[in-house]
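# Reading the structure
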Amino acid sequence: MDDERTEVLTIGRLAHRTGLPVRTLRFWSDEGAVPPVARSAGGYRLYDAASVARVELVRTLRELGLGLDDVCRVLSGRSTVAGVAGAHVAALDAQIRSLKVSRAVLSTVAKRGSTVEETALMNRLARLSAAERKQIIDEFKEEVFGGLDDPRFRDRVRAYSIDLPDDPTPEQVDAWIDLAELVRDPGFRARLRTWMELNTPVPGQGRPPGASIWWARQVVQTVGEVRKRGVAPEGPAAAKVLSELYGDADRAAVLRSLEAGIEAGAEHYRRLVARVRGQHASPDATGELEWLARALCAAVQT
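Now for a quick tour of the structure.

A few words on the packing of helix 9 (residues 170-183) against helix 15 (residues 266-276). Relative orientation of the contacting elements helix 9 and helix 15 amounts to 140°, with a least axis distance of 8 Å. Here helix 15 runs oblique to helix 9, going by the angle between their axes. Note on packing geometry: the crossing formed by helix 9 with helix 15 is left-handed. From helix 9, Glu171, Gln172, Asp174, Ala175, Trp176, Asp178, Leu179, Leu182 and Val183 reach across to helix 15, where they touch His268, Tyr269, Leu272, Val273, Arg275 and Val276. Taken together, the residues of the contact of helix 9 with helix 15 sort by class into 9 nonpolar, 2 polar and 4 charged.

Next up, the structure:
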């Protein structure tokens, strides 16, 4: 066959026509994606106009990320473009999720200045399966909330779940890393258990006086408004606020509950849970809780 005829192209002319390197075309040809239509007398590969169109199709599929095996299956008719594309979309979704996790871990490492060991731990926590994440939370729930006597509270705890969505944001992954480290800490579990015991109603008795600090956000909002007005926690105006919030409830019992929650880090825990769930978290109330603790302490000492 005369390789100088216009309808016949050497691999060099095919490279010139398509703008691809000869090395790439040779590799595609060896893999069967762009086979030569004939050989010259000297054994050189020869292509035709249809080969140009085939190269463009291979280039398009490769730019979309398909491997040469998939490309060859499509070109040979063993698979459809739609079928291969669907499988590739699923693979890309998985890759994107993995990249998001990697980004979140690296962002946390950079923010904390983590060691190699800490980085490895965070990476493992971020890549746990849904079942493994559930096991961590279930063990935490059992140790912190198990055996508390209030039936209504037990029902709420049983339905209480914390997990990442199928397509988490980097912020959610970052919050999960922090939360997983926190709930696996025995010290945190013990402190939170103490706090829960102080705030769980005993059968036949009413709600403990300090429970409303944590279950009613209006308490925090009220204190926030008082702080904005510059009210000192040790003065008579603060005592009036306490009376409005707690009536004649035992101030010492309220203070014990509040201090246990602050020591446990309940506010930090609450905000982490909201971030993992992708919910809008209320502003950090640490300042309000500390003001309230000072006011209660002053009342108890009076």
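That was the structure; now back to the text.
Further remarks concern the nonpolar core. Ranked by internal contacts, the top residues of the largest apolar core, which has 27 residues, are Phe140, Trp176, Leu179, Val183, Leu192 and Tyr269. Elements with a contribution of two residues or more to this core: helix 7 (130-145), helix 9, helix 10 (186-199), helix 14 (251-264) and helix 15. Tallying contributions element by element places helix 9 first for this core, with 6 residues. Beyond its immediate stretch of four places on either side in the chain, tryptophan 176 contacts Leu125, Ala126, Leu128, Arg133, Ile137, Leu164 and Val276. Formed by 21 residues, the second largest nonpolar core is a distinct cluster that contains Leu20, Ala33, Val55 and Val74.

Parameters and conventions
Residues numbered from 1 in each chain as written. Predicted model: local features only at pLDDT ≥ 70, side-chain atom pairs only at ≥ 80, totals over all residues. Heavy atoms only, no water. Axes fitted to C-alpha atoms, helices over the stretch in contact; angles between N-to-C directions. Helix = DSSP H or I, 4+ residues; strand = E, 2+ residues; numbered from the N terminus. Parallel < 35°, antiparallel > 145°, perpendicular 65-115°, else oblique. Left-handed = near helix turned anticlockwise from the far one by under 90°. Contact = heavy atoms within 4.5 Å. Nonpolar A, V, L, I, M, F, W, Y, C, P; charged D, E, K, R; others polar. Core = buried A, V, L, I, M, F, W, Y, C linked by side-chain atoms within 4.5 Å. Buried < 20%, exposed > 50% of the residue type's maximum accessible area, 1.4 Å probe, protein only.

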